[in-house]
Amino acid sequence: MEVKEFQPKSKSITELNPRDFIIIKGARTHNLKNVDVAIPRNKLVVMTGVSGSGKSSLTINTLYAEGQRRYVESLSAYARQFLMRMNKPDVDYIKGICPALAIEQKVGTRTTRSSVGSLTEIYDYLRLLYARIGKTISPVSGEEVKKHSVQDVVNYVLSLKAGSRVLILVALEQRKDVPLKKELELLIQKGFTRIHSSGQTFKIEECLEDKEKFKALNPKLVEILIDRIEVKQEDEELAHRIADSVQTAFFEGHGECVIEKLDDTKRKSFSNKFELDGIRFEEPTPNFFNFNNPYGACTKCEGFGTVMGIDEDLVVPNKNLSVYDGAIACWKGEKMGEWLTPLVKSAIKFDFPIHRSHTHLTKAEKQLLWTGNSHFEGLTAFFKYLESKSYKIQYRVMLSRFRGRTKCPDCEGARLRKDAAYVKVNGKSISELLLMQVLDVHVFFKNINLTAHDQQIAKRILIEIKNRLALMEDVGLGYLSLNRLSSTLSGGETQRINLTSALGSNLTDSLYILDEPSVGLHPRDTLRLLKVLKSLRDLGNTVVVVEHEEEIIRAADYIVDMGPLAGTNGGDVVYQGTLKDISRSNKSLTGAYLTGKMKIETPAQRRKGLNFLEIIGATQHNLKDVSVKIPLNTLTAVSGVSGSGKTTLIKQILYPALNSLYGGYGIKPGAHRELKGDIRHLQHVEIVDQNPIGKSSRSNPVTYVKAYDGIRDLYAGQQSSKLKGFQPRHFSFNVEGGRCETCKGEGEITVEMQFLADVHLECEECRGKRFKDEVLEVTYNSKNIFQVLEMTIDEALDFFIEQKNIHETLQPLVDVGLGYVKLGQSSSSLSGGEAQRVKLAYFLGKGNTEGRTLFIFDEPTTGLHFHDIKKLLKSFNALIDKGHSVVVIEHNVEVLKNADWLIDLGPEGGDAGGYLLYQGVPEGITKAEKSYTGIFLQEKLSPT
């Protein structure tokens, strides 16, 4: 074996130093063919190769699995009792392995409480920051709420002119039904001798003895004289005396005391209670800002940010209409329209623009529609009226039409208790920061202006916050808000957030395994991602990246190329070394594409659509009144940097709008004026995303494409099956009959590990074969049903060559590059990209698409090598040749250059995006201003 630059050519893998290399000897997991690999430590190593070549088997299932196994050995006896039954990776040995951390390509958590801020730990630091240096501002006066300490009072007294005489006073608490005389007697018992009233000081005993003096006292103005002091500078004993007296005063005055100067009767009040303007405020603590804690969560929405109520998007479905033109859907018709009449007639009196579209109304004007004024009753009053009449069915039906999950009116989606917004740092509340984009939050903290005292307290916290915000920008996630739910993130976004968390922890001497971190990333942001990966390496870590992105492969310190093909034709290391020598490998497909020996050709001719769909005036989320044309019977690509509005335009507007027209159900379309064009030219719309093809572990590719039905029928038709009375259901692991009932056809038993992840063990009854022994005795061409399910799709295609119906249903799986996947492989083990291609194969199958269909693909190149992208493009062309239309949301320049029509959004993500930069044939985008896509396509489209 030869490892370029990092080891002498004369050395074999057994002679290498484990301090310099992670040495994998004889790896045989899945399709790996007894491979030896030496991964140089503290380097950026890219593992590449076609899909199914063995990359994940080597990295995740061998390298990471062994790292985890060794970690479990250090756990409790309870965990270790299962260790001998857990499968050790099929490898001779691994030397030099360090603590391993894998960041896999998986769709994130679905909990409604997890957010971007909590995943990156930025929110935890923000809570700490606001609890430590946050200033509570009264909503009444706008002044800071302060709590005085004993030292504050001492400092004030000692700051007075030397020789000044002061009194320390507290108001006498006059209890109900207790006479003043009794209160004065109690004061004497406590040891107090004097009181103060109306500017005069009296001895308590004299007041009790002298009736005239007692009558002169006003019970409401009586104060207890705690101490009389003459101010002297630099008198330590005096300072101690004042402190003791103030402490007594705070105790007797229930947190309040008064300092009165005898010279000019000037008084100053002090309080150690956290209150101002008659409002008692809560003192900030970290949990005060925690929406996952009952103490900090908004009481109305319980920390979810949304409540069941009147959905504004349903009340105003078309925000491009004006109030006069019927924007308010519930104020239509003869009876309900009466609510609109007062507003229209009196709008001129308070200057309300009834002819301006709703989307262009100011925030105050939109709010006025809900609150109303003296001239008209608003929407809030209208819906209260409907509720008061809800005993009538027509009103209940009308209310239900406008109900939905809507932003919490109390916290406005920030999910925190209302008074948490009173606490400010540099003029901003934590709620405001949560709703801002990461880019803007980072600018806020870069320019933060703190006092020297607060700076000292917050110094360490600010470092952590700024580092994590900078990392989020570096991995191309600056357009996200910290309050964004993690369940709404794509797989690529989730992985890059996990990468941010891993980097933020500043681990060293560890092994990081990343599965395609560039997924969902525009080429513009790839260089920024590389900077992050290199910084991770420079901390002293070994970074192993499973990747197909050309820029990342070229930037690697070391390349391990698996192949040469997939499945049984893969599993070998076809090249390992540095980039400059990869051209010497005759078997490396990666090398062939990188050196230009092989390439994905640009089509000589673009298809021209005769029919079009048109989205007019899209304004959902950050889209800026975008109008686009989508030609039918062509390949249309929608490009732009992350967060530019691609998903919003296609998945939240186009798909729901078409789906509702064709009788489907689902989410309501996002804000847009109109969808028009040759809509009748289509009969269906299908979205092919990266969600799993089935939630059950029994779901697999062969059942999804309906090939298993034919296989079960084939086995049920065998002579031995007929003798035993077996039917097709006996060859199914989903129903009782032929399956193993111990594991219910799963092939494994799940053992709950309490505080650890569950352990999956092979079923002892069927030994993982999922079927009863008598079912396994039935064979076709000497193979039983379990052996067939263990075949790869490529092998099965040859095996069922004589069974035309089975062969035809399996062929599309091979066409989309999934020939290496086993027939019975659980869908839960498929990556997002593989799941998407299984769905594509289903639609390519005969009879699975009726009528002309618009297919929408979201990042279909996820997990695809250059060679696989060729196959994917052929599959798209096959769909179009059948009369269908394809729209892809994509960043990959090889797909973009093969599109017939290109729609580019941008120029940036978030608020700085949402503009239409270009639409037309790909060649024209190179002249589009501000288009990053045009810059990267220029090189690919220019003639060589």
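Residues numbered from 1 in each chain as written. Predicted model: local features only at pLDDT ≥ 70, side-chain atom pairs only at ≥ 80, totals over all residues. Heavy atoms only, no water.

**Q** Summarise the packing of helix α24 (residues 707-716) against helix α29 (residues 804-815); cite the residues concerned and give the values.
**A** Axis separation between α24 and α29 bottoms out at 9 Å; the angle between their running directions is 155°. Between α24 and α29, the crossing angle belongs to the class labelled roughly antiparallel. Crossing of α24 against α29: the hand is left-handed. Counting all contacts with α24, which are made through Ala707, Gly710, Ile711 and Leu714, the residues of α29 involved are Asn805, Ile806, Thr809 and Leu810. Its residues assigned to classes, the contact of α24 with α29 shows five nonpolar, three polar and no charged. (Axes fitted to C-alpha atoms, helices over the stretch in contact; angles between N-to-C directions. Helix = DSSP H or I, 4+ residues; strand = E, 2+ residues; numbered from the N terminus. Parallel < 35°, antiparallel > 145°, perpendicular 65-115°, else oblique. Left-handed = near helix turned anticlockwise from the far one by under 90°. Contact = heavy atoms within 4.5 Å. Nonpolar A, V, L, I, M, F, W, Y, C, P; charged D, E, K, R; others polar.)

**Q** Account for helix α16 (residues 438-446), naming residues and giving values.
**A** Buried within α16 we find Val438, Val441, His442, Phe444 and Phe445. On an axial view of α16, the arc spanned by its buried residues comes to 155°, and they lie on one face. For α16, the secondary structure elements touched by its buried residues are α4 (122-133), β17 (423-425), β18 (428-429), α15 (430-435) and α17 (452-474). (Buried < 20%, exposed > 50% of the residue type's maximum accessible area, 1.4 Å probe, protein only. Arc of directions from axis to C-beta.)

**Q** Would you mind going over the nonpolar core in detail, with residue names and values included?
**A** Nonpolar side chains tend toward joint burial in soluble globular proteins. Ranked by internal contacts, the top residues of the largest apolar core, which has 135 residues, are Phe445, Leu499, Ile711, Phe800 and Leu810. With near-sequence residues (within four places) excluded, Phe800 lies in contact with Ile711, Leu714, Tyr780, Val788, Ile806, His807 and Leu810. One finds Leu187, Cys207, Ile224 and Ile226 within the second-largest nonpolar core, a separate group that totals 31 residues. (Core = buried A, V, L, I, M, F, W, Y, C linked by side-chain atoms within 4.5 Å.)

**Q** I'd like to hear about the pairing of strand β19 (residues 511-515), residue by residue, with values.
**A** Burial analysis of β19 places five of its five residues in the buried class, the great majority of the element. Sheet topology places strand β5 (residues 100-103) next to β19; four bridges connect them, and they run parallel. Pairing of Ala102 across the sheet is with Ile513, part of β19. Of the pairings in the sheet, the one linking β19 to strand β20 (residues 542-546) comprises five bridges and is parallel in character. Counterpart to Leu511 in the pairing with β20 is Thr542. (Pairing = 2+ DSSP bridges.)

**Q** Report on the confidence of the model for the protein, specifying residues and quantitative values.
**A** Taken over all residues, the pLDDT of the protein has a mean of 88, while the share at 70 or more is 95%. Confidence over residues 1-10 falls short of pLDDT 50; this stretch has 30 contacts with residues more than four positions distant or in other chains. (pLDDT = per-residue confidence, 0-100.)

**Q** How would you sum up the environment of Val154? Please name residues and give values.
**A** Structurally, Val154 is set in helix α5 (residues 150-158). In the structure, Val154 is positioned 290 residues away from Phe444 in sequence and 37 Å away in space, judged by C-alpha atoms. Each residue touching Val154, except ones within four places of it in the same chain, is listed here: Ala239, Ile242 and Ala243.

**Q** Break down the side chain of Asn483 for me, citing the residues and quoting the values.
**A** Topologically, Asn483 is positioned in the loop between α17 and α18 (491-504). Of the residues examined, Asn483 reaches a relative accessible area of 11% and is grouped as buried. If we skip the residues at most four places from it in the chain, Asn483 touches Ser115, Phe291, Gly413, Ala414, Arg415, Leu434 and Leu435.

**Q** Now, about unusual backbone geometry: what can you tell me, with residues and values included?
**A** With omega at 5°, the peptide bond leading from Gly563 into Pro564 counts as cis. Looking at the secondary structure, you find Pro564 in the loop between β21 (558-563) and β22 (572-577). The peptide bond linking Gly906 to Pro907 adopts the cis configuration, its omega dihedral lying at 0°. Tracing the backbone through its elements, the reader meets Pro907 in the loop between β32 (901-906) and β33 (915-920).

**Q** Which residues make up helix α9 (residues 236-252), and what values do they have?
**A** Between its first and last C-alpha, α9 extends 25 Å over 17 residues, near the 24 Å set by a 1.5 Å rise per residue. Among the residues of α9, those classed as buried are Leu238, Ile242, Ser245, Val246, Ala249, Phe250 and Glu252. Buried residues of α9 fall within an arc of 160° about the axis and therefore sit on the same side. Opposite its buried face, α9 presents the exposed residues Glu236, Glu237, His240, Asp244, Gln247 and Phe251, each directed more than 90 degrees away. Measuring from the backbone nitrogen of Glu237 back to the side-chain oxygen at the start of α9 gives 3.2 Å, which picks out Asp235 as the cap. Residue His254 follows α9 closely and has a positive phi angle near 55°. (Expected span 1.5 Å × (residues − 1). Polar contact = N/O pair within 3.5 Å; in protein donor to acceptor, adjacent residues only side chain to side chain.)

**Q** Please provide a residue-by-residue account of the state of the cysteines, values included.
**A** Think of a disulfide as a covalent bridge from one cysteine sulfur atom to another cysteine sulfur atom. Applying the stated criterion to the full structure yields zero disulfides. Counting only cysteine sulfurs, Cys408 is the nearest neighbor of Cys298, a cysteine outside any disulfide, at a range of 3.7 Å. (Disulfide = S-S within 2.5 Å.)

**Q** Go over the sheet that holds β17 with me, naming the residues and quoting the values.
**A** Working definition: the strands of a sheet are paired by backbone hydrogen bonds and lie parallel or antiparallel to each other. Here three strands make up an open sheet; going across it, the order is β6-β17-β18 and the pairing antiparallel. Sheet topology places β6 (135-136) and β18 at the edges, where each strand pairs with a single neighbour. As paired strands, β6 and β17 are joined by two bridges and run antiparallel to one another. Counted as the bridge partner of Thr136 is Val423 from β17.

**Q** Which residues make up the pairing of strand β2 (residues 35-40), and what values go with them?
**A** β2 sits mainly inside the fold: five of its six residues count as buried. In this sheet, β2 lies alongside strand β1 (residues 21-27) in antiparallel orientation, the contact comprising five bridges. Note on β2: the bridge partner recorded for Phe21 is Pro40.

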